[in-house]
Amino acid sequence: GYAAEELAIQLVLNHSCITRAVAVDAGEKFIVLEYVEGAKPLGDVPSFATITRDVYSDGGNPNIADAFSILLSVARAGAYLHSHFSADIGIAHGDLYAHNVLVTGKRMETSVLSDFGAAFFYDKKKNPRAAKAVQAMEVRAWGILAEEILSPHLDSSSSLHDLIGKCVAPGRLQ
């Protein structure tokens, strides 16, 4: 992403499931995000062995109730970015992985989406087909996150497993 676009995006965001900018210097191109007491990333950045999958420390996977809470918060943030922010313009996070979800609390019961360094604006009216592709990419990323944090709790016959499969299947949401 571009620093100027990240700055512009952080300035317009206002949602309880997204970290807020508390200070911005457009000239120096830096952002200070709110301090989230006790927050830690849900996952660690991918390793060379996992390539695109986040790494979860021992005991890093949340229990099933907190996993649902985290996924709901991330989904709410995504809905705001893609739909509720503006009728004409959407925002893609562009890096929706566990290492960009901050969790707090002993059981990870509260979470916020952070790090908009890869985020970008897109025009939903000017190019609806491209907009749907961007949204599908983000839904796929959410599905992969769901698969990662719910897999210890689900068997292959679960209807949630089917939902995750629909989210991660290429081309399903276009």
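Analysis parameters
Residues numbered from 1 in each chain as written. Predicted model: local features only at pLDDT ≥ 70, side-chain atom pairs only at ≥ 80, totals over all residues. Heavy atoms only, no water. Salt bridge = Lys/Arg side-chain N within 4 Å of Asp/Glu carboxyl O. Helix = DSSP H or I, 4+ residues; strand = E, 2+ residues; numbered from the N terminus. Buried < 20%, exposed > 50% of the residue type's maximum accessible area, 1.4 Å probe, protein only. Contact = heavy atoms within 4.5 Å. Pairing = 2+ DSSP bridges. 1 Å grid on protein atoms, 1.4 Å probe; cavity = no way out; pocket = protein on both sides within 12 Å on 5 of 7 lines; lining within 4 Å. Points joined across faces, edges and corners; volume = space filled by probe spheres on them. Nonpolar A, V, L, I, M, F, W, Y, C, P; charged D, E, K, R; others polar.

Across all of its chains, the model carries two salt bridges by this definition. Across the salt bridge formed by Arg20 and Glu34, the nearest N and O atoms sit 3.8 Å from each other. Of this pair, Arg20 sits in the loop between helix H1 (3–12) and strand E1 (21–25) while Glu34 is found in the loop between strand E2 (30–33) and strand E3 (40–41), placing the two residues 14 residues apart along the sequence. Note on Arg20: relative accessible area 31%, which makes it partly exposed. The partner of Lys125 in a salt bridge is Asp88, with the nearest N and O atoms 3.6 Å apart. With Lys125 in the loop between strand E7 (120–123) and helix H3 (128–150) and Asp88 in the loop between helix H2 (64–84) and strand E4 (89–92), this pair connects stretches of sequence that are 37 residues apart.

What follows concerns the side chain of Glu148. Along the polypeptide, Glu148 turns up in helix H3. Judged by its relative accessible area of 11%, Glu148 falls in the buried class. If we skip the residues at most four places from it in the chain, Glu148 touches Arg53, Asp54, Tyr56 and Asn61.

One open sheet accounts for three strands, arranged E3-E5-E6; its pairing is antiparallel. Each edge of the open sheet is held by one strand with a lone partner, namely E3 and strand E6 (110–113). As paired strands, strand E5 (residues 101–104) and E6 are joined by four bridges and run antiparallel to one another. In the sheet register, Val101 faces E6, and the bridge partner there is Leu113.

Looking now at the environment of Leu7. Structurally, the position occupied by Leu7 is in helix H1. In sequence terms Leu7 and Lys126 are 119 residues apart; their C-alpha atoms lie 23 Å from each other. Setting aside chain neighbours within four positions, we find Leu7 in contact with Val24, Asp25, Ala26, Lys29, Phe30 and Ile31.

Further remarks concern the layout of surface pockets. Here the largest pocket defines a volume of roughly 190 Å³. Of the residues assigned to the lining of the largest pocket, the class counts are five nonpolar, two polar and four charged. Of the pockets and cavities examined, the second largest pocket occupies roughly 150 Å³. Around the second largest pocket, the lining residues are Val74, Ala75, Gly78, Ala79, His82, Leu96, Gln135, Glu138, Val139 and Trp142. Broken down by secondary-structure element, the contributors of at least two residues to the lining of the second largest pocket are H2 and H3. The greatest single-element share of the lining of the second largest pocket, amounting to five residues, is contributed by H2. Looking at the lining of the second largest pocket residue by residue, the classes come out as six nonpolar, three polar and one charged.

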